[in-house]
Each structure stands twice: as C-alpha cells, then as structure tokens.
Amino acid sequence: MHGDETVGREILLHLIDFLVTSYGRDPVITRLLNNTRIHIMPTMNPDGFEATKVPDCYYTPGRYNRNGEDLNRNFPDAFEDNKANIQPETQAVMDWIKNETFVLSANLHGGALVASYTFDNGNPVTGSLKGYSRSPDDDVFIHLAKTYSSNHASMYKGTGCDSRQTFPEGITNGYSWYQLEGGMQDYNYVWGQCFEITLELSCCKYPPEDQLGKFWRDNKVALIEYIKQVHLGVKGQVTDKNGNPIPNAIVEAKGRPHVCPYRTNQHGEYFLLLLPGTYVINATVPGYKSMLKTVEIPDNTGNFSAVKQDFSFPEVSDKISSKVTSCPKTPLYQELSRASAAVKPTVHLLVLMTVVLAIFK
C-alpha cells in the first residue's frame, strides 16, 4: 500500500513464483491451488515505489501516491465521515473487492514486525473506551493474526523493533496500537465481507537488496499457512424451490451480527469464517421467514474445504430480484452509536416508571 515499504512487494513476487513452480510437484501446494482462488496484487502504489529514489528505513515521500495521498487513510470509514478524496488506486481496489467474492486477505506494510487485526478505528459501541475496538469476529481475527505470527521466523516473539514497542505473541488489535481512519482492513471487513489483517513485515521499510532473500524465507511458511485459513468455517448456497440461486440473501452466524449484514453473491453463495465449534446459521430472504440450521464446524483447513451447508427456500420462486445490494458507504458504527445513545434515556425512563408504579401499588 505504501510505495516505500518494499518488503511486501518483493515477497509477493516470490510467493507467485513459489506457487506456480511448486504446483504438481508439492502435494500441499497442489491441493491448495486446486481448492482455492488466490489473487495477488504485488503493489497498490507503483508511483510511490518509483518515487523512492533514495532508500530509507524510516520514511520517504514514496509512502504516498502521485497525488500525495496516503492510500491506507483513503477508504470509506465505518466510524467517521472520511473526507479524503478517493484516489484512483483506492477506487480500483474498491471495485475489485465489489466484483470478487473475497473471503480472506492481508495487506502488507513495513516499519514494524506484527500482525494487526481489525478494527483500526472504533467508538464506544466496539469498546474503544477500553482501548480496544472489538469486531463481532474478534476470536477469528486473533486466530488469523496468531496463525501468521506463529509461523513467521521471529514475529511470534513479540519483541517489536525497539524496547518501546512490544506485541505479545506478535499480534495486536489495530485500535489498541494506534487509531487509524480510512484503513483498508476495516473497509474490507465491513463492506467487502472479507476478513483482512495488516502485516507489518520489517523494521526497515526499504532494506538493502541483499536482505530480501531472508525476508522471503522468514515469511514463506506464514504466508502459506495464512492462505489455508480461508477454508475455516462454513460455506454454501441459498436457492429457491427450483434450485435457482438466490442473491442478496442475508446469511449470518447467530450472535455475530455484522453492521452491514453479510449477503449471498450473484450465485447465491455465502462464506463465513468461523473457528471450530457449534453454530446456528441464520439465512434470510427479504420478505420470507428465516431459516435456521445448526452446524458443527471442525478444523477443516487441512482438508482445504470449509463445511458445506446449503439453504433451500421452497416458498421462494425464481421471480426474486437478482440484484445484489450493498450497504451505503457511510459511518455505520457512528449511526449505531447514536441509536444506542438515543435508546438509553427511554430505558431509564421505563425503569423509573416501573419503580414508581410498584411503589404506588
């Protein structure tokens, strides 16, 4: 994302080479590629990279794009009204996210050594008053971050880049580290229905060329193990009485409501990343009665396939709209916070009235 943070760019090129040359020779990579659609974008900010004429470990103007904008502050934000002018690179990525059904992703950075997970921003609804911004899928995000850090050569040690910066087990909640508005990982989770973490891969943002091979070796296993996690949880298809796919159906795990509900794509497909356990999956077609199914989820990452649970709505015909809707790109958690605040006085008033009536009687 930042043009002067070059390690991620380099190791993704190595990853592409490793995957295509290992296919058909390495049984694990072969099974992974046979069962997983993998998209790799080595750089989101090529202009920033080209503008970095003098490498520096700490900072160069190459962090920004050609218009001087920080792309990791440029996305719509779920907590604040981000006033930033959407850049061409950002819009291209937003379109990419909209047109694909991404389930798991990571964006790569430099300047620290840690796996950071959503939320990067927050408000009292997500627990920000306690210094931690918790998503409904916090347990899954912790698992994803630990999967990367524990398989990295040294990230798991949590020592950071200096004595002032330590990260237990090599992971951190983004908001706990520092508050960030307009970041890509929060955007992906809220509006892309995709679990994304941020990987800080090197203390030096633009290291010497002779160190790049070691960075690849340090991250190689972690990258592969992280990609495998896309097969956590449950997936399936929602269909009508004739077996036709139903797009735009809401499919969520009970107790894990997303502020922008997760919906099926144009093929009626849904994907939910969940840790092993028992869950109630709720499928809802607008205008019809919801359908609940209890699902037992094992750890299926080694089998490269999430548990499959389909839903068929016998009362739904193929006349249902095929248009997939999306939530508005507005600060949804800000609106939720206001709604919560508006409810509180009413609750207090009802309690007061109950007490008064009880005493009166």
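Residues numbered from 1 in each chain as written. Predicted model: local features only at pLDDT ≥ 70, side-chain atom pairs only at ≥ 80, totals over all residues. Heavy atoms only, no water.

Some details on the nonpolar core
Side chains of a nonpolar character, in soluble globular proteins, are inclined to be buried together.
1) Next: Counting residues in each nonpolar core, the largest one holds 79 residues, and the members touching the most others are Leu 144, Phe 195, Val 238, Ile 281 and Phe 313.
2) Next: Discounting residues that sit within four places of it in the chain, Leu 144 has contacts with Leu 104, Phe 195, Ile 197, Tyr 226, Gln 229 and Leu 232. (Core = buried A, V, L, I, M, F, W, Y, C linked by side-chain atoms within 4.5 Å. Buried < 20%, exposed > 50% of the residue type's maximum accessible area, 1.4 Å probe, protein only. Contact = heavy atoms within 4.5 Å.)

Description of the state of the cysteines
1) Next: By the definition in use, this model includes three disulfides.
2) Next: Here Cys 161 connects covalently by a disulfide to Cys 203, the sulfurs 2.1 Å from one another. Disulfide Cys 161-Cys 203: the torsion about the S-S bond is -90 degrees, which places it as left-handed. Remark: Cys 203 occurs in the loop between strand 4 (195-202) and helix 8 (212-228) and Cys 161 occurs in the loop between helix 5 (138-151) and strand 3 (171-173); sequence separation between them is 42 residues.
3) Next: In this structure Cys 161 comes out as partly exposed when scored by relative accessible area, which is 30%. (Disulfide = S-S within 2.5 Å. Helix = DSSP H or I, 4+ residues; strand = E, 2+ residues; numbered from the N terminus.)

With respect to the pattern of salt bridges
Opposite charge on two side chains allows them to pair when their charged atoms are near.
1) Next: Tallying each qualifying case throughout the model produces 13 salt bridges.
2) Next: Among the ionic pairs, Asp 137 bridges to Arg 256, the shortest N-O distance being 3.2 Å. You can see Asp 137 sitting in the loop between strand 2 (112-117) and helix 5 and its partner Arg 256 sitting in the loop between strand 6 (250-253) and strand 7 (269-272), a full 119 residues away along the chain.
3) Next: Here the salt bridges do not stand alone but share partners, grouping Glu 5, Arg 63, Asp 70, Arg 73 and Lys 205 into one network. (Salt bridge = Lys/Arg side-chain N within 4 Å of Asp/Glu carboxyl O.)

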